[in-house]
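Given next are the chains, with one letter for each unit.
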Amino acid sequence: NKATHATGTGKGVLGDNKSFNTLSSSGTYYLQDSTRNLKTYTARNSANENLLPGTLLSDSDNYWTDGAAVDAHTYAAEVYDYYKTKFNRNSFDGNGAAIKSTVHFGRNFNNAYWNGAQMIYGDGDGSTFVPLSGALDVVGHEITHAVIERSANLVYENQSGALNESFADVLGNLIEDRDNGWLLGEDIYTPSVSGDALRSMSNPESQGDPAHMDDYKNLPNTREGDWGGVHTNSGIPNKAFVNFVETSGITRDNAGKVWYRALTSYMTSRSDFDDARNATIQAATDLFGSSSTEVTAVTNAWAAVGVG
Ligand SMILES: O=C(O)[C@H](CCc1ccccc1)CC1(C(=O)N[C@@H](Cc2c[nH]c3ccccc23)C(=O)O)CCCC1
Ligand SMILES: [Ca+2]
Ligand SMILES: [Zn+2]
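The notes below deal with the structure included here. (Residues numbered from 1 in each chain as written. Chains lettered and ligands numbered in written order. Predicted model: local features only at pLDDT ≥ 70, side-chain atom pairs only at ≥ 80, totals over all residues. Heavy atoms only, no water.)

In the vicinity of ligand 1 lie 14 residues, with Asn110, Glu142, Glu165, Arg199 and His231 positioned nearest. Contact distances for ligand 1 include 3.4 Å between an oxygen atom and a side-chain N or O atom of His145. Relative to its free-state accessible area of 670 Å², ligand 1 is covered by the protein chains to the extent of 73%. Among the elements that take part in the shell around ligand 1, helix H2 (residues 136-149) stands out by supplying three residues, more than any other. (Near = heavy atom within 4 Å. Polar contact = N/O pair within 3.5 Å; in protein donor to acceptor, adjacent residues only side chain to side chain. Areas by Shrake-Rupley, 256 points an atom, 1.4 Å probe, with all protein chains shown as cover. Helix = DSSP H or I, 4+ residues; strand = E, 2+ residues; numbered from the N terminus.)

Dropping the structure here:
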């Protein structure tokens, strides 16, 4: 008998109820969304990357109690829909590539990453992080790394790496779409502390990150130096994006279109902050005209962080 589409229900990491596409085959349900080509797996707390993607998650009655899995699956669907609806991009490669997510990677693993082929989510240690797939901006961040890899392919070090990070933060928060939604990872970071986050795009300094070129951090291009500070110097282009949105009156959707067009039409693997400024000005010109308020706003947004 063939597999058929089904609708699963369950609770996410934060206890919220949600429903999602599953696949029913010979009496068992699988975390597989055939309409979007999503598959969600478990590493069963192994940290051995050679065993990835691990085991495709299954369930007997289509009511799912693994919050990390429920969120990895449902948030991947939301990210897929955002790219399809807003930019007409079919998955991260534009050609319907399978989006594979593995949860429960490692023990108390306080991180998540795109490994070039799939998403990998740790469970966190319960005090620094809860399971990291429990935040839509984080899932959006990770899938955007895949989009970046298949477009500008920004090298993950120094200024191109900080842009890689910034575009992932920007799209992650546009997809999460919260009022004043400029925090990254707020839903899964330090459960016992409210109001904090891994990063702030509107106030990078609040997390020790620069918001201006004067404070650019020249860190070593090593793991210890965060590959030249890709997760900290991202504060500068992040702040430029927030300046752009908050001074131009542009909608978040249109701001996203400018950034997406810059990334996919003008930026390349070694683009630096100045190249990103030029790419976003060109993209705004293409979309709104050279004498538009958007072009003025994006130019001023970069100038305010010391770029251009
Ligand atoms: O995708 C990324 O940029 C981060 C993963 C970076 C990575 C790349 C390659 C191999 C390993 C790790 C994951 C996230 C991140 O920003 N991680 C930062 C901060 C961080 C999270 N957990 C940590 C544990 C230790 C030190 C730093 C961290 C980092 O890895 O730097 C993104 C959203 C939430 C977690
Ligand atoms: Ca957020
Ligand atoms: Zn990242």
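Inspection of the secondary structure assignment puts Asp169 in helix H3 (residues 158-176). By relative accessible area, Asp169 is classed as buried at 0%. In terms of polar contacts, Asp169 uses its side chain to reach the side chain of Arg199, at 2.8 Å. Once residues lying within four places of it in the same chain are set aside, the contact partners of Asp169 are His141, Leu184, Arg199, Met201, Ser234 and Asn238. (Buried < 20%, exposed > 50% of the residue type's maximum accessible area, 1.4 Å probe, protein only. Contact = heavy atoms within 4.5 Å.)

Another aspect to go through is the pattern of salt bridges. Enumeration over the complete set of coordinates arrives at 13 salt bridges. One salt bridge in this structure joins Arg178 and Asp187, with 2.5 Å as the shortest N-O distance. On the accessibility criterion, Arg178 (32% relative accessible area) is partly exposed. For Asp187, a relative accessible area of 23% corresponds to the partly exposed category. Among the ionic pairs, Arg261 bridges to Asp286, the shortest N-O distance being 2.8 Å. Residue Arg261 is located in helix H6 (residues 252-266), and its partner Asp286 is located in helix H7 (residues 273-288); the two are separated by 25 residues in the primary sequence. Residue class for Arg261 comes out partly exposed when judged on its relative accessible area of 30%. The structure contains a network of salt bridges with shared partners spanning Glu176, Arg178, Glu186 and Asp187. (Salt bridge = Lys/Arg side-chain N within 4 Å of Asp/Glu carboxyl O.)

Moving on: H2. Here H2 is 14 residues long and its end C-alpha atoms lie 20 Å apart, about the 20 Å a rise of 1.5 Å per residue gives. Burial analysis of H2 places 13 of its 14 residues in the buried class, which makes it a mostly covered element. (Expected span 1.5 Å × (residues − 1).)

Bringing the coordination of the zinc ion (ligand 3) into the picture now. Ligation of the zinc ion (ligand 3) by protein atoms is provided by His141 (NE2), His145 (NE2) and Glu165 (OE), these donors lying 1.9 to 2.0 Å from the ion. Given a relative accessible area of 0%, Glu165 falls into the buried group. (Donors = N, O, S within 2.8 Å, 3.2 Å for Na, K, Ca; no water.)

Spatial ordering of the open sheet is given by S7-S3-S2-S1-S8, a layout of five strands whose pairing is mixed. In this open sheet, the two strands that pair with only one neighbour each are strand S7 (58-59) and strand S8 (63-64). Together, strand S1 (4-11), strand S2 (17-25) and S8 form the strand contacts of helix H1 (residues 67-87), whose direction differs from that of S2 by roughly 85°. (Pairing = 2+ DSSP bridges. Axes fitted to C-alpha atoms, helices over the stretch in contact; angles between N-to-C directions.)

This paragraph deals with unusual backbone geometry. The bulk of non-glycine residues show a negative phi, and the bulk of peptide bonds are trans. Cis geometry is adopted by the peptide bond preceding Pro53, which originates at Leu52 and carries an omega value of 5°. Backbone geometry at Asn37 places phi at a positive 60°, although glycine is not the residue there. As for its placement among the helices and strands, Asn37 is situated in the loop between strand S4 (32-33) and strand S5 (38-42). Despite not being glycine, Ser91 has its phi angle at roughly 70°, a positive value. The class for Ser91 is buried, based on a relative accessible area of 4%.

Looking now at the pairing of S5. Counted residue by residue, S5 has four buried out of five residues, so it is predominantly covered. Inspection of the sheet shows S4 paired to S5 by two bridges, in the antiparallel sense. Within S5, the residue paired with Gln32 across the bridge is Lys39. In sequence, S4 turns back onto S5 through a hairpin of four residues, with Asn37 there showing a positive phi of about 60°.

For the rest of this paragraph, the subject is the packing of H1 against H2. Two numbers describe how H1 lies on H2: the axes approach to 9 Å, and their chain directions differ by 55°. On the basis of their axis angle, the class for H1 and H2 is oblique. The hand of the H1/H2 crossing is right-handed. Residue-level contacts link Tyr75, Ala76, Glu78, Val79 and Tyr83 of H1 to Leu136, Val139, Gly140, Ile143, Thr144 and Val147 of H2. (Parallel < 35°, antiparallel > 145°, perpendicular 65-115°, else oblique. Left-handed = near helix turned anticlockwise from the far one by under 90°.)

Core analysis: the biggest nonpolar cluster contains 76 residues, and Phe241, Phe244, Trp259 and Met267 have the highest contact counts within it. Among the elements that take part in this core, H1 stands out by supplying 12 residues, more than any other. When residues no more than four places from it in sequence are discounted, the contact partners of Met267 are Ala152, Leu154, Leu163, Phe167, Ala262, Ala276 and Ala279. (Core = buried A, V, L, I, M, F, W, Y, C linked by side-chain atoms within 4.5 Å.)

This brings us to the pairing of strand S9 (residues 99-103). Of all five residues in S9, four are buried; the element is thus mostly enclosed. Bridge analysis of S5 against S9 gives five bridges, and the strand direction is parallel. In the sheet register, Lys39 faces S9, and the bridge partner there is Lys100.

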